[in-house]
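Below are the chains, spelled out letter by letter.
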Amino acid sequence: MNANLMQTTLKAYFFITYLIVLWLVSESLPIASTIESGWLPISFMLIATLLYGLYYLLPALGITALVRFISQRIRPNSVRPTYIAAVLTGGITTLLMYANAKLFSLYGMFFNGFILNLVITPGGIESLGGSSASDIGFALIVFGFISSQALILWLLHRYYLKKLTPNLSFKWLPASAIIATLSVHMGFALDSYSTNQLNEVAQSVPFYQTVSARGFFKKLGFTTQRETKLKVKGKLNYPLNPLQFNKPAKPYNIIWLTSESWRADTLDEKVMPHSWEFAKNAARYTRNYSTGNGTRMGVFGMFTGLPGNYWFPFLEERRGAALIEVLQQQDYQMSLYTSAKFSYPEFDKTIFSKVPSDHLHEIAKPTSGWESDRDNVTNLLSFIDKRDPKKPFFTFMFFESPHARYYFPPESVIATPYRDDLNYATLSKTALRNEISPIKNRYINSVHHLDMQYGRIFDYLKTHQLLDNTIVILIGDHGEEFMEHGFWGHNSTFVDPQVRTPLVIYAPGFQPLVSDEMTSHMDVIPTIMPLLGVTNPSSDYATGYNLLAGEKRSHTYISDWDKVTYVDNDVKITQPVNGKSFVLMKASKGNDEALSNEARKLVLQTKQPALMQLVQDLSKFFKKKENKSVTQ
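Residues numbered from 1 in each chain as written. Predicted model: local features only at pLDDT ≥ 70, side-chain atom pairs only at ≥ 80, totals over all residues. Heavy atoms only, no water.

1. Digging into the overall build of the protein
For the protein, the count of helices and strands is 19 helices and 14 strands. Against the 2.2 N^0.38 benchmark of 26 Å for 632 residues, the protein shows a C-alpha radius of gyration of 27 Å, consistent with a compact globule. Dimensions of the protein, computed from C-alpha atoms along their principal axes, come out at roughly 90 × 60 × 45 Å. Put simply, the protein has 61 plus and 52 minus side-chain charges, and the middle of one group is 11 Å from the middle of the other. (Helix = DSSP H or I, 4+ residues; strand = E, 2+ residues; numbered from the N terminus. Rg over C-alpha atoms; globule rule 2.2 N^0.38 Å. Lys, Arg positive; Asp, Glu negative; His and termini not counted. Charge placed at Lys NZ, Arg CZ, Asp CG, Glu CD.)

Encoded structure:
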């Protein structure tokens, strides 16, 4: 009796859990636009959603079945271990699907390697800047999902205990799932060689796996093109040739100031009066693109002069930035500061891997972002004070004030009203739309505080007459979006608010200028290296241009964890790296306006030479015999 009761209860329980999963998945589906697109996208979305909903439940079903198998052999009449396994696995599944849907709603992405890295890397969780209210909210959500699953199972058990209804039958489910799997994936492959209507829908189904079946459809007489797969893997050959330099008779000091989430349009006389005034005597680039929509790729690109996708080979080989080696060879005094962590992203294992750990300074007991910035600036200025004046120095600081939740003291308030706090646990897309103005005001206040800290450094340099022999770089790691294109924050898309940052380079002896030409984080190193006496052409160590020499670029590259975007004056083309095929390529106008399907096809055809150049640039700094960045 117990066995039949448990079996009936579990079938009903997992069927209800399946319906909950489908409801959660529906949050990411473009239902309205798909209905307007016709029967094919609608059918595909329906079948794919039903099928993948089952896939998401497979781990829970498998673990519960295993626990039942073991427990029935130890205690045949006990249902408790099996029920506990069902509640925990069902609760975790629905919780993860809820978090996945929320992640997609707010940031336009599903769980991926980037999220996993965020969770397991030291300093990753802290980088989110969550508050105690957020922590309590998340804890309540976890408790709510687990307790809800327990309640569902308890009610079902009580119901079937009193009234044993006919057992639910799923005997046709395996065969139906196999047929649906073939239909959904082969149908997508066929569509990719014909109408290409299913691309957007497929990307909205969490973890949908594309297949090409090129050989199969070619045998059926379809005209297919060989897939182009962009891979950035291999053994590094960086720089291409050993760097040579003639050490300047009077070496420049270098102060490199990088801010979290510093978007381009905040560098003005109202929000940042100190920086605005300083930039009048420097080179200011108004159309600068980061090398990433997140900190990892953005900071990596500015220190290496390379596209962000090289990050992973650098991390694997623990390869540092060539700039650091040049500075060390010239006996620079170094002291680097961050209000975040050097371990997240793993800068201590990449660009700064050759910097001694006692030169990498973090706040021992970090408080709020603005306080950490203030204390770090104090420490930075103390370093300059105590340096050996007979030797040049290099100092770097990463500011955290403009990172969400956006930190500032009361004296930095210039924009009202503003949100008192941001509770990530209760955020939703609707709430963001309704409250984005006070949230952005909070950000503006944090940037104003950033400017106050910059001002302390500028005043110090002027007071101590260091501007005659000191290079100063002001730059953001990436931008920050405030729902201009449907999302908040960064790391989600490659729209201008997320990827454009200020860039100011002050170099003694150079005339001030304001340039509206396209620039990139990749241009900073080729601009600085000649000032250090490096005689190699920049092509030996970067893919950027020397801005102070008047060199110009026609396009740039922006990366995230598994994609790269080609950008020129006309278009942005985004494509996967080291993963899915180019059938999931996206394209928009250069100003982020959408393209029609026909316009997209035309763009991809006309920009083929540029995309081939991208392939070359992403393979340039690998040893040729091991180069894996190829067109297959």
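2. What to know about helix H7 (residues 173-192)
With 20 residues, H7 should reach 28 Å at 1.5 Å per residue; the first-to-last C-alpha distance of 28 Å fits that figure. Of the residues making up H7, those classed as buried are Ala177, Ala180, Val184, His185, Phe188, Ala189 and Asp191. (Expected span 1.5 Å × (residues − 1). Buried < 20%, exposed > 50% of the residue type's maximum accessible area, 1.4 Å probe, protein only.)

3. Here's the deal with unusual backbone geometry
Negative phi is the rule for most residues except glycine; trans is the rule for most peptide bonds. Cis geometry marks the peptide bond from tyrosine 238 to proline 239, where omega comes out at -10°. At the junction of threonine 416 and proline 417, the peptide bond is cis and its omega measures out at -10° in the coordinates. With respect to the helices and strands, proline 417 occurs in the loop between strand S5 (393-399) and helix H15 (429-463).

4. Things to note about the environment of aspartate 459
Turning to its location among the elements, aspartate 459 is positioned in helix H15. A relative accessible area of 43% means that aspartate 459 is categorised as partly exposed. When the C-alpha atoms of aspartate 459 and phenylalanine 278 are compared, they prove to be 10.0 Å apart, with 181 residues separating the residues in sequence.

5. Focus on the pairing of strand S6 (residues 470-476)
Every other side chain in a regular strand lies on the same face of the sheet, so the side chains alternate between the two faces. Most of S6 sits out of view: seven of its seven residues are buried. Covered by surrounding structure in S6 are Thr470, Val472, Leu474 and Gly476 together with Ile471, Ile473 and Ile475, the residues of both alternating faces. Two strands pair when backbone bridges link them, and strand S1 (residues 253-259) and S6 are joined in this way by seven bridges, in the parallel orientation. Paired with asparagine 253 across the bridge in S6 is threonine 470. Relative to strand S9 (residues 500-506), S6 is paired through four bridges, and the arrangement is antiparallel. Residue valine 472 lies in a different strand from S9, and its bridge partner there is tyrosine 506. (Pairing = 2+ DSSP bridges.)

6. Details of the pairing of strand S3 (residues 333-338)
Burial of S3 is extensive: six of the six residues sit out of reach of the surface. Of the two faces of S3, both are covered, the one formed by Gln333, Ser335 and Tyr337 as well as the one formed by Met334, Leu336 and Thr338. Here S3 runs beside S5; their pairing, made up of six bridges, is parallel. Residue tyrosine 337 lies in a different strand from S5, and its bridge partner there is methionine 397. Sheet topology note: the S3/strand S4 (residues 360-362) ladder contains three bridges and is parallel. Along S4, the bridge assignment pairs threonine 338 with glutamate 362.

7. Description of the packing of aromatic side chains
Applying the stated criterion to the full structure yields 39 aromatic pairs. On the numbers, 6.5 Å between centres and 65° between planes, the contact of phenylalanine 347 with phenylalanine 352 is edge-to-face. On the accessibility criterion, phenylalanine 352 (1% relative accessible area) is buried. Plain terms: the ring middles of tyrosine 454 and phenylalanine 458 are 6.2 Å apart, the flat faces sit at 45° to each other, and that makes the pair tilted. Here tyrosine 454 pairs with phenylalanine 458, and both are found in helix H15, just four residues apart, close to one helical turn. When sorted by exposure, tyrosine 454 lands in the same class as phenylalanine 458, which is buried. One residue, arginine 500, lies across the ring of tyrosine 289, its end atom 5.8 Å from the ring centre. (Phe/Tyr/Trp six-rings, centres within 6.5 Å; stacked < 30°, edge-to-face > 60°. Lys NZ or Arg CZ within 6 Å of the ring centre and 35° of its normal.)

8. Section: the nonpolar core
Counting 73 residues, the largest nonpolar core has Trp256, Phe303, Phe352, Phe394 and Met529 as the members making the most contacts within it. In contact with phenylalanine 303, other than residues within four places in its own chain, are Trp256, Ala321, Leu323, Ile351, Phe352, Phe394, Phe396 and Ile525. (Core = buried A, V, L, I, M, F, W, Y, C linked by side-chain atoms within 4.5 Å. Contact = heavy atoms within 4.5 Å.)

9. Considerations on the sheet that holds S3
The sheet built from eight strands is open, its strands ordered S4-S3-S5-S1-S6-S9-S2-S10 with mixed pairing. In this open sheet, the two edge strands, each paired with only one partner strand, are S4 and strand S10 (513-520). Between one strand and the next, the sheet's axes are offset by a mean angle of 15°, whatever the strand orientation. With five bridges connecting them, strand S2 (residues 283-289) and S9 associate as antiparallel partners. Bridging across to S9, arginine 284 finds its partner in valine 504. (Axes fitted to C-alpha atoms, helices over the stretch in contact; angles between N-to-C directions.)

10. A closer look at the environment of leucine 548
Position of leucine 548 among the secondary structure elements: in the loop between helix H17 (524-528) and strand S11 (555-559). On the basis of relative accessible area, leucine 548 is assigned to the buried category, the value being 19%. Separated by 18 residues in the primary sequence, leucine 548 and proline 530 place their C-alpha atoms 10.0 Å from one another.

11. What to know about the sheet that holds strand S13 (residues 571-576)
Within a sheet, neighbouring strands are paired by backbone hydrogen bonds and run either parallel or antiparallel to one another. The four strands lie next to each other as S11-S12-S13-S14, forming an open sheet whose pairing is antiparallel. At either margin of the open sheet sits one strand with a lone partner, and together these are S11 and strand S14 (586-589). Between one strand axis and the next, the sheet turns by 20° as a mean value, whatever way the strands run. In this sheet, strand S12 (residues 563-568) lies alongside S11 in antiparallel orientation, the contact comprising five bridges. Within S12, the residue paired with isoleucine 558 across the bridge is threonine 565.

12. Remarks on the side chain of arginine 287
On the secondary structure map, arginine 287 appears in strand S2. Of the polar contacts made by the side chain of arginine 287, one reaches the side chain of asparagine 569; its length is 2.9 Å. Excluding residues within four positions of it along the chain, arginine 287 makes contact with Arg500, Ser515, Asp516, Glu517, Met518, Thr519, Asp568 and Asn569. (Polar contact = N/O pair within 3.5 Å; in protein donor to acceptor, adjacent residues only side chain to side chain.)

13. What to know about the side chain of aspartate 560
Tracing the backbone shows aspartate 560 in the loop between S11 and S12. Looking at aspartate 560, its side chain comes within polar contact range of the main-chain nitrogen of lysine 563, at 2.8 Å. Residues in contact with aspartate 560, not counting those within four places in the same chain, are Asn293, Met297, Asn309 and Phe494.

14. A look at helix H3 (residues 39-74)
With 36 residues, H3 should reach 52 Å at 1.5 Å per residue; the first-to-last C-alpha distance of 52 Å fits that figure. Along H3, the sharpest kink reaches roughly 40°, centred on leucine 57 and followed within four residues by the proline proline 59. (Bend = angle between axes of the 7 residues up to and from the residue.)

15. Side note on a nonpolar patch on the surface
A grouping of Ile84, Leu88, Ile92, Leu96, Phe111 and Phe207 is seen on the molecular surface, where their side chains present a nonpolar patch of about 500 Å² in accessible area. Summarising the element assignment, phenylalanine 111 is placed in the loop between helix H4 (80-107) and helix H5 (113-120). (Patch = residues over 30% accessible without salt bridge, like charges linked within 9 Å, V, L, I, M, F, W, Y side chains within 5 Å. Areas by Shrake-Rupley, 256 points an atom, 1.4 Å probe, with all protein chains shown as cover. Salt bridge = Lys/Arg side-chain N within 4 Å of Asp/Glu carboxyl O.)

16. Let's talk about the packing of H3 against H4
Closest axis-to-axis distance for the H3/H4 pair is 9 Å, and the angle between their directions is 170°. With respect to each other, H3 and H4 are oriented roughly antiparallel. Residues Tyr56, Leu57, Ala60, Ile63, Thr64, Val67, Arg68 and Ser71 of H3 pack against Pro81, Thr82, Ala85, Ala86, Thr89, Gly90, Thr93 and Met97 of H4. Residues of the contact of H3 with H4, tallied by class, amount to nine nonpolar, six polar and one charged. (Parallel < 35°, antiparallel > 145°, perpendicular 65-115°, else oblique. Nonpolar A, V, L, I, M, F, W, Y, C, P; charged D, E, K, R; others polar.)

Read these as geometric descriptors, not functional statements.
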